[in-house]
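# Breakdown of the fold
Letter by letter, the chains look like this.
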Amino acid sequence: MNRTTLSLIAGTTALAAVTAFAAFDSPSASGAAGPRAAAQLPVERTSLLCPAPSMSDIADTAYTSFTPVTKGAASSGKAQLQAAAGQSDETGGKAGGKGSKGGKGAASKADEPVLAPKAPGTPATGETSGAEAPALIGTADGRFAPGWTVQETTEVAAGTGRGLLGVNCTGADTEFWFPGASTAAGRTDYVHLTNPDDSAAVVDIELYGKDGAIKSPLGENLTVDAHASEPILLSTLTEERQADLTVHVSVRSGRVGAAVQALDDKVGGDWLAAAADPAGSLVLPGIPKDATDVRLTAFTPGDDDADLKIRLASPAGLITPAGNETLHVKSGMSTTVDLGDVTRGEAGSLVLTPTDQTVPVVAALQVIRGKGDKKETAFIPATAAVGTRATSADNSAKGTTLALTAPTGTATVKVTASAGSEGGTPVTKTYTLKSGTTQNIDAPAPAGLKGTYALTVEPVSGAPVYASRTLAATEGGVPAFTVQPLPNDHGTVSVPKTEQDLSVLQN
């Protein structure tokens, strides 16, 4: 995916719009000093897109909005989430005219926001329910823009895809990769496309199976109207039924947000966010320690095959799973390997590195918890490092696990628990991660917590850090859960400083 803006579901938070600018002056002919070190300034405007949460009449969805306190941010501004103007009948009805059926804070009209974000440092919440809950288009400017994060969390009590489904709302982009999708019997996967702009977007959806590209002419030249959202059922694009697919979404004109909703008849469902851009080395952080089955799907879009080392960053360091030391990924073909209960009851993150030649790949994990008819599924795409800062919204005192990993070196990380949405005092703790390890940390919670809260991760020193957050809630004996990786929130933008000697202009 092109990370100049945010990718959806996605996945997988980056800027959809940045309005901090700098003027550039050329050095004088007399040899004046060139540009000085760039300054990091808070962004002034951000856009986020949330897919339509569910097609189930018994779905309940919570939205949580949070902006971290950012030094140098504007003193004023606003943020809001509003229903997309329309969407296909495949989702259960038009999105523009209706919101929830009785949900608190739900959008009852297209121009009525689903929630009203509070001041930076305090989460705000809203709810929708039922099959008619729409996709949302959000904008934030001024003090609300830097690092703005919105989490969409849906509970579905029964039926296909039952369980806990979660996704970070993200921004528009022009390319997305989704390894781990499926058109197999018993699986219902939709690609949700949301267009935030004033003109229509034209999109292609390509499918790659175990034998290569799958003919799907119905996936070409798809139109997504302005300010609208469309769910595309993958099984309508091809007659082939394959258990493991890589989906490539590319935009011919305009921009969209994209995410895959993967629903299974037997093991529940969740959102598959877009994977990190193709790269030679990848990190898939935060596999739950009680995972009963972990399935890796990898794909290389180039002309060369890829050979990868598979290692698990455990609490004790990097280890190689017995029997799955390496993976050969043929060019243009989706390759899948079943890693079983690879974590063996401990925290873990999967680390993929080239055995020799570096070949860009994309990858994602399908993770299952539980046994028998009490299974539940979630997805962990490869993700970018936290960088300067990343934030997870919609956390609770119980059921939240924050996983941190430093695959290449020791790192120090600061984690801040925000105030609660209904009360509480922020708390900050610092952690040290040993090289090659993953830790499920005892994340702080705000003192006197009421409501939900946010966790902000800020590396202090050392090697790159990768992170994910797991939400878990056992319902009817089913270990429901959802995992969201935490890439950089791009709350600041680099603005070069310039200095010019103007003496040459004097007479």
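Residues numbered from 1 in each chain as written. Predicted model: local features only at pLDDT ≥ 70, side-chain atom pairs only at ≥ 80, totals over all residues. Heavy atoms only, no water.

The next point concerns the nonpolar core. L284, I287, L296, L350, L352 and L365 are the most contacted members of the largest nonpolar core, which totals 28 residues. Aside from chain neighbours lying at most four places away, what touches L350 is L282, V283, L284, I287, L296, I310, R311, L312, L339 and L365. Judged by nonpolar contacts, the second largest core, of 27 residues, contains F176, V191, I205 and A262. (Core = buried A, V, L, I, M, F, W, Y, C linked by side-chain atoms within 4.5 Å. Buried < 20%, exposed > 50% of the residue type's maximum accessible area, 1.4 Å probe, protein only. Contact = heavy atoms within 4.5 Å.)

It is worth spelling out the environment of P278 at this point. In this fold, P278 is placed in the loop between β17 (268–272) and β18 (282–287). Placed 104 residues apart in sequence, P278 and A382 show a C-alpha to C-alpha distance of 9.5 Å. (Helix = DSSP H or I, 4+ residues; strand = E, 2+ residues; numbered from the N terminus.)

Applying the stated criterion across every chain, the model contains 3 aromatic pairs. With centroids separated by 6.4 Å and ring planes inclined at 15 degrees, the aromatic side chains of F176 and F178 adopt a geometry described as stacked. By relative accessible area, which is 0% here, F178 ends up buried. Their ring planes at 40 degrees and their centres at 4.8 Å tell us that Y208 and F299 sit as a pair that is tilted. In this pair, Y208 is assigned in strand β11 (residues 201–209) and F299 in strand β19 (residues 291–299), connecting sequence segments 91 residues apart. By relative accessible area, F299 is classed as buried at 1%. Three or more aromatic residues link up through ring pairs in this structure, and these residues are W177, Y208 and F299. In this structure, R369 is placed above the aromatic ring of F481, and the distance from its NZ or CZ to the ring centre is 5.1 Å. (Phe/Tyr/Trp six-rings, centres within 6.5 Å; stacked < 30°, edge-to-face > 60°. Lys NZ or Arg CZ within 6 Å of the ring centre and 35° of its normal.)

The buried count for strand β16 (residues 257–264) comes to 8 of 8 residues, which makes it a mostly enclosed element. Residues G257, A259, Q261 and L263 line one face of β16 and the alternating positions A258, V260, A262 and D264 line the opposite face, and both faces are buried. Looking at chain direction, strand β10 (residues 187–194) and β16 are connected through 8 bridges and run antiparallel. Its bridge partner lying in β16, Y190 is registered against Q261. Linking β16 back to β17 in an antiparallel pair, the connection comprises 3 residues. (Pairing = 2+ DSSP bridges.)

Next up on the list: the confidence of the model for the protein chain. Taken as a whole, the protein chain shows an average pLDDT of 87; of its residues, 85% reach a score of 70 or greater. Low pLDDT, under 50, characterises residues 1–34; the stretch is placed with 124 contacts to residues that sit more than four places away or in other chains. The low-confidence segment residues 500–507, where pLDDT is below 50, has 7 contacts with residues more than four positions distant or belonging to other chains. (pLDDT = per-residue confidence, 0-100.)

Here the focus is the sheet that holds strand β26 (residues 376–381). Within the open sheet, the 4 strands sit side by side as β23-β19-β25-β26. Their pairing is antiparallel. The strands lining the two open edges of the sheet, one partner per strand, are β23 (335–340) and β26. Strand-to-strand twist across the sheet, computed as the mean angle between neighbouring axes with direction ignored, equals 20 degrees. Alignment of strand β25 (residues 362–369) against β26, held across 6 bridges, turns out to be antiparallel. By the bridge assignment, Q366 is partnered in β26 with F379. (Axes fitted to C-alpha atoms, helices over the stretch in contact; angles between N-to-C directions.)

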